[in-house]
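Topology and contacts: notes
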Amino acid sequence: MTTIYHNPRCSKSRQCLAILEEKKETIEIIKYLDTPPTAAALGELLALLGIKPIELIRKNEAIWKEKFKAQQNTLTDEAIIEAMAAYPKLIERPIVIKNNKAIIGRPPEKVIEIL
């Protein structure tokens, strides 16, 4: 089973999903804007990705610039995770998980690395 945290309005996310379908993967699609991950789930995703919470933030999102950018150097990892849980638009996309490994599909072809 391959899981994708997907935003259908995002071209990179759609391209990544198309690659998974082309590779005949069995796919669980999580539309994370409709069903946002909890802080605990985000912590697990970050562990699988092997990155810090700030690396999963979409820093060009208006909500980041308005609410968090000014204090980004003083935010704890927990505060950043809570921000993503509260505002899922901040989460970089797409995220693909397979066999306890995860990758951010940017560029979309990068997903092939974990298939």
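Values in this document were obtained by computation on a predicted structure and should not be read as measured data.

**A closer look at the side chain of Arg58**
Inspection of the secondary structure assignment puts Arg58 in the loop between α2 (39-49) and α3 (62-67). With a relative accessible area of 17%, Arg58 lands in the buried category. A distance of 3.0 Å separates polar atoms of two side chains, one belonging to Arg58 and the other to Glu92. Ignoring anything within four residues of it in the chain, the contact list for Arg58 reads Trp64, Lys89, Leu90, Ile91, Glu92, Arg93 and Arg106.

**Some words on the pattern of salt bridges**
In total, this model carries four salt bridges according to the counting rule given. The shortest N-O distance in the salt bridge between Lys98 and Glu25 comes to 2.7 Å. With Lys98 in strand β3 (residues 95-98) and Glu25 in the loop between α1 (11-22) and β2 (27-31), this pair connects stretches of sequence that are 73 residues apart. Under the relative-accessibility criterion, Lys98 is labelled buried at 15%. In this structure, Arg106 engages Glu92 in a salt bridge whose closest nitrogen and oxygen atoms are separated by 2.8 Å. Placement of Arg106 in the segment after β4 (101-104) and of Glu92 in the loop between α4 (77-86) and β3 is noted, with a sequence separation of 14 residues between them.

**Considering the nonpolar core**
Residues Tyr5, Leu56, Met84, Leu90, Ile91 and Ile95 are the most contacted members of the largest nonpolar core, which totals 22 residues. At the level of elements, α2, α3, α4, β3 and β4 are the ones that each hand at least two residues to this core. In this structure Ile91 touches Tyr32, Pro37, Leu42, Leu56, Arg58 and Met84, once residues within four positions along its chain are discounted. If you look at the next biggest cluster of nonpolar residues, it comprises nine residues, including Ile4, Cys16, Ile19 and Ile103.

**Description of the packing of aromatic side chains**
Given two aromatic rings, one states the distance between the centres and the angle between the planes to describe the pair. Applying the stated criterion across every chain, the model contains two aromatic pairs. Measuring from centroid to centroid gives 5.6 Å for Trp64 and Phe68, while their planes differ by 25 degrees, and the two rings are stacked. For the pair formed by Trp64 and Phe68, the shared burial category is buried. Note on Phe68 and Tyr87: the rings are 5.9 Å apart at their centroids and 65 degrees apart in plane angle, and the pair reads as edge-to-face. In this pair, Phe68 is assigned in the loop between α3 and α4 and Tyr87 in the loop between α4 and β3, connecting sequence segments 19 residues apart. The exposure class of Phe68 is buried, given its relative accessible area of 12%. The structure contains a cluster of three or more aromatic residues connected by ring pairs, namely Trp64, Phe68 and Tyr87.

Each value, and the rule that gives it
- Residues numbered from 1 in each chain as written.
- Predicted model: local features only at pLDDT ≥ 70, side-chain atom pairs only at ≥ 80, totals over all residues.
- Heavy atoms only, no water.
- Helix = DSSP H or I, 4+ residues; strand = E, 2+ residues; numbered from the N terminus.
- Buried < 20%, exposed > 50% of the residue type's maximum accessible area, 1.4 Å probe, protein only.
- Polar contact = N/O pair within 3.5 Å; in protein donor to acceptor, adjacent residues only side chain to side chain.
- Contact = heavy atoms within 4.5 Å.
- Salt bridge = Lys/Arg side-chain N within 4 Å of Asp/Glu carboxyl O.
- Core = buried A, V, L, I, M, F, W, Y, C linked by side-chain atoms within 4.5 Å.
- Phe/Tyr/Trp six-rings, centres within 6.5 Å; stacked < 30°, edge-to-face > 60°.

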